[in-house]
Amino acid sequence: VNYAIAEHVENAGVHSGDASLLLPAQKLFVETHRRVKMMGQKLCRALKISGPFNIQFMCKENEVMVIECNLRASRSMPFISKTYNVNFIAMATRIMLGLPQPSVTIQPIDMDCVASKVPVFSFSRLKNSDPRLGVEMQSTGEVACFGQNQYEAFLKA
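Everything in this summary refers to the structure shown in the same document. For clarity, every value in this text was computed on a predicted model and none was experimentally measured.

**Here's the deal with unusual backbone geometry**
Right, so step 1: Geometrically, the link from leucine 23 to proline 24 is a cis peptide bond, its omega value of -5° lying close to zero.
Right, so step 2: Looking at where proline 24 falls in the secondary structure, it is placed in the loop between strand 2 (21-23) and helix 1 (30-47).
Right, so step 3: Positioned with a positive phi, lysine 48 is a non-glycine residue whose angle comes to about 55°.
Right, so step 4: Residue placement: lysine 48 occurs in the loop between helix 1 and strand 3 (54-60).
Right, so step 5: With phi around 70°, asparagine 62 is a residue other than glycine that occupies positive phi space.
Right, so step 6: With respect to the secondary-structure elements, asparagine 62 resides in the loop between strand 3 and strand 4 (63-70).

Here's what the structure looks like:
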(Lines give C-alpha, C1' and ligand atoms only; values in the text may rest on other atoms or scores of the structure.)
Protein backbone atom coordinates (compact mmCIF):
# COMPACT_ATOMS: atom_id res chain seq x y z
CA VAL A 1 0.00 0.00 0.00
CA ASN A 2 2.81 2.40 0.89
CA TYR A 3 6.50 2.52 1.58
CA ALA A 4 9.34 4.74 2.74
CA ILE A 5 13.04 4.46 2.00
CA ALA A 6 15.36 5.67 4.75
CA GLU A 7 19.12 5.76 4.39
CA HIS A 8 21.51 4.35 7.00
CA VAL A 9 24.54 6.57 7.40
CA GLU A 10 26.79 3.81 8.77
CA ASN A 11 28.12 1.00 6.62
CA ALA A 12 26.58 -2.47 6.59
CA GLY A 13 27.46 -4.49 9.68
CA VAL A 14 26.14 -1.97 12.22
CA HIS A 15 22.89 -3.12 13.86
CA SER A 16 19.97 -1.15 12.41
CA GLY A 17 18.98 -0.05 15.93
CA ASP A 18 22.39 1.61 16.27
CA ALA A 19 22.32 3.22 12.83
CA SER A 20 21.71 6.86 12.08
CA LEU A 21 18.90 7.30 9.56
CA LEU A 22 18.15 10.01 7.04
CA LEU A 23 14.69 10.50 5.58
CA PRO A 24 14.24 10.97 2.75
CA ALA A 25 17.34 9.10 1.59
CA GLN A 26 19.95 11.62 0.47
CA LYS A 27 22.51 9.66 -1.54
CA LEU A 28 20.55 7.03 -3.46
CA PHE A 29 20.65 6.97 -7.22
CA VAL A 30 17.20 7.15 -8.84
CA GLU A 31 17.80 3.67 -10.31
CA THR A 32 18.71 2.31 -6.86
CA HIS A 33 15.47 3.77 -5.48
CA ARG A 34 13.52 2.04 -8.28
CA ARG A 35 15.25 -1.29 -7.64
CA VAL A 36 14.63 -1.13 -3.90
CA LYS A 37 10.94 -0.36 -4.47
CA MET A 38 10.59 -3.16 -7.05
CA MET A 39 12.36 -5.74 -4.86
CA GLY A 40 10.24 -4.72 -1.86
CA GLN A 41 7.04 -5.18 -3.85
CA LYS A 42 8.17 -8.59 -5.12
CA LEU A 43 9.07 -9.77 -1.60
CA CYS A 44 5.75 -8.51 -0.24
CA ARG A 45 3.80 -10.44 -2.89
CA ALA A 46 5.92 -13.59 -2.64
CA LEU A 47 5.61 -13.72 1.16
CA LYS A 48 1.92 -12.66 1.05
CA ILE A 49 2.56 -9.93 3.62
CA SER A 50 -0.56 -8.13 4.82
CA GLY A 51 0.83 -6.02 7.64
CA PRO A 52 3.76 -3.83 8.55
CA PHE A 53 7.23 -5.00 7.63
CA ASN A 54 10.66 -3.62 6.92
CA ILE A 55 13.38 -4.77 4.61
CA GLN A 56 17.01 -3.90 5.01
CA PHE A 57 18.87 -3.57 1.75
CA MET A 58 22.55 -3.10 1.09
CA CYS A 59 23.10 -0.85 -1.94
CA LYS A 60 26.31 0.12 -3.66
CA GLU A 61 26.51 1.69 -7.12
CA ASN A 62 23.00 0.49 -8.10
CA GLU A 63 23.67 -3.07 -6.93
CA VAL A 64 20.96 -3.96 -4.42
CA MET A 65 20.96 -6.94 -2.05
CA VAL A 66 18.51 -7.91 0.67
CA ILE A 67 20.04 -8.26 4.14
CA GLU A 68 16.84 -9.15 5.99
CA CYS A 69 13.07 -8.81 5.99
CA ASN A 70 11.26 -8.33 9.30
CA LEU A 71 7.53 -9.04 9.45
CA ARG A 72 6.80 -6.53 12.17
CA ALA A 73 6.62 -2.82 12.82
CA SER A 74 10.09 -1.47 13.51
CA ARG A 75 11.08 1.32 15.89
CA SER A 76 11.58 3.46 12.79
CA MET A 77 7.88 3.42 11.86
CA PRO A 78 6.87 6.24 14.26
CA PHE A 79 9.82 8.30 12.96
CA ILE A 80 8.79 7.69 9.36
CA SER A 81 5.13 8.41 10.18
CA LYS A 82 6.05 11.71 11.85
CA THR A 83 8.36 12.73 9.01
CA TYR A 84 5.83 12.05 6.25
CA ASN A 85 2.77 12.98 8.34
CA VAL A 86 1.24 9.59 7.51
CA ASN A 87 0.29 7.16 10.28
CA PHE A 88 1.82 3.94 8.92
CA ILE A 89 0.73 1.93 11.98
CA ALA A 90 -2.93 2.96 11.66
CA MET A 91 -2.75 2.27 7.93
CA ALA A 92 -1.32 -1.23 8.51
CA THR A 93 -3.89 -1.95 11.22
CA ARG A 94 -6.79 -1.05 8.91
CA ILE A 95 -5.38 -3.31 6.20
CA MET A 96 -4.89 -6.24 8.61
CA LEU A 97 -8.50 -5.83 9.80
CA GLY A 98 -9.75 -5.80 6.22
CA LEU A 99 -10.99 -2.22 6.47
CA PRO A 100 -10.78 0.16 3.51
CA GLN A 101 -7.55 2.15 3.32
CA PRO A 102 -7.57 5.28 1.18
CA SER A 103 -4.53 5.79 -1.01
CA VAL A 104 -1.91 8.12 0.47
CA THR A 105 0.75 9.54 -1.83
CA ILE A 106 4.17 10.28 -0.39
CA GLN A 107 6.51 12.42 -2.48
CA PRO A 108 9.95 12.54 -0.80
CA ILE A 109 11.24 14.89 -3.50
CA ASP A 110 8.69 17.51 -2.41
CA MET A 111 9.71 17.54 1.26
CA ASP A 112 11.02 20.85 2.56
CA CYS A 113 13.16 19.24 5.27
CA VAL A 114 15.41 16.30 6.03
CA ALA A 115 14.85 14.20 9.13
CA SER A 116 17.56 12.37 11.06
CA LYS A 117 17.15 9.65 13.66
CA VAL A 118 20.30 9.24 15.71
CA PRO A 119 20.96 6.59 18.37
CA VAL A 120 21.80 7.45 21.98
CA PHE A 121 24.37 5.34 23.83
CA SER A 122 25.07 4.97 27.55
CA PHE A 123 28.65 3.72 27.37
CA SER A 124 29.86 6.21 29.98
CA ARG A 125 27.28 4.89 32.49
CA LEU A 126 27.72 1.18 31.78
CA LYS A 127 30.86 -0.23 33.36
CA ASN A 128 33.04 -2.36 31.05
CA SER A 129 30.88 -1.65 28.01
CA ASP A 130 32.49 -1.86 24.58
CA PRO A 131 31.79 1.26 22.48
CA ARG A 132 32.53 -0.44 19.16
CA LEU A 133 29.42 -0.86 17.05
CA GLY A 134 28.66 -4.18 15.41
CA VAL A 135 25.84 -6.60 14.72
CA GLU A 136 24.44 -6.53 18.27
CA MET A 137 22.37 -3.49 19.24
CA GLN A 138 23.83 -1.28 21.97
CA SER A 139 21.84 1.96 21.83
CA THR A 140 19.60 2.80 24.75
CA GLY A 141 17.48 5.38 22.99
CA GLU A 142 17.26 7.68 20.01
CA VAL A 143 16.58 11.26 19.06
CA ALA A 144 14.90 12.56 15.91
CA CYS A 145 15.45 16.03 14.48
CA PHE A 146 14.48 17.98 11.38
CA GLY A 147 16.61 20.37 9.39
CA GLN A 148 16.84 22.24 6.09
CA ASN A 149 19.41 19.63 4.99
CA GLN A 150 21.08 16.49 6.36
CA TYR A 151 23.83 18.48 8.07
CA GLU A 152 21.44 20.71 10.00
CA ALA A 153 19.31 17.69 10.98
CA PHE A 154 22.43 15.93 12.38
CA LEU A 155 23.67 19.03 14.16
CA LYS A 156 20.33 19.36 15.95
CA ALA A 157 20.45 15.71 16.99
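**Points about the pattern of salt bridges**
Right, so step 1: As enumerated under the stated definition, the model contains four salt bridges in all.
Right, so step 2: With its nearest N and O atoms 3.6 Å apart, the salt bridge here joins glutamate 31 to arginine 34. With glutamate 31 and arginine 34 both in helix 1, this residue pair falls three residues apart, about one helical turn.
Right, so step 3: With a closest N to O distance of 3.3 Å, glutamate 142 and arginine 75 form a salt bridge. A residue pair is termed long-range when its members are at least 10 positions apart, and glutamate 142 in strand 6 (residues 141-147) and arginine 75 in the loop between strand 4 and helix 2 (76-84) qualify at 67 residues.
Right, so step 4: Counted as one network, the salt bridges with shared partners bring together Glu31, Arg34 and Arg35.

Reading the values: rules and limits
- Residues numbered from 1 in each chain as written.
- Predicted model: local features only at pLDDT ≥ 70, side-chain atom pairs only at ≥ 80, totals over all residues.
- Heavy atoms only, no water.
- Helix = DSSP H or I, 4+ residues; strand = E, 2+ residues; numbered from the N terminus.
- Salt bridge = Lys/Arg side-chain N within 4 Å of Asp/Glu carboxyl O.

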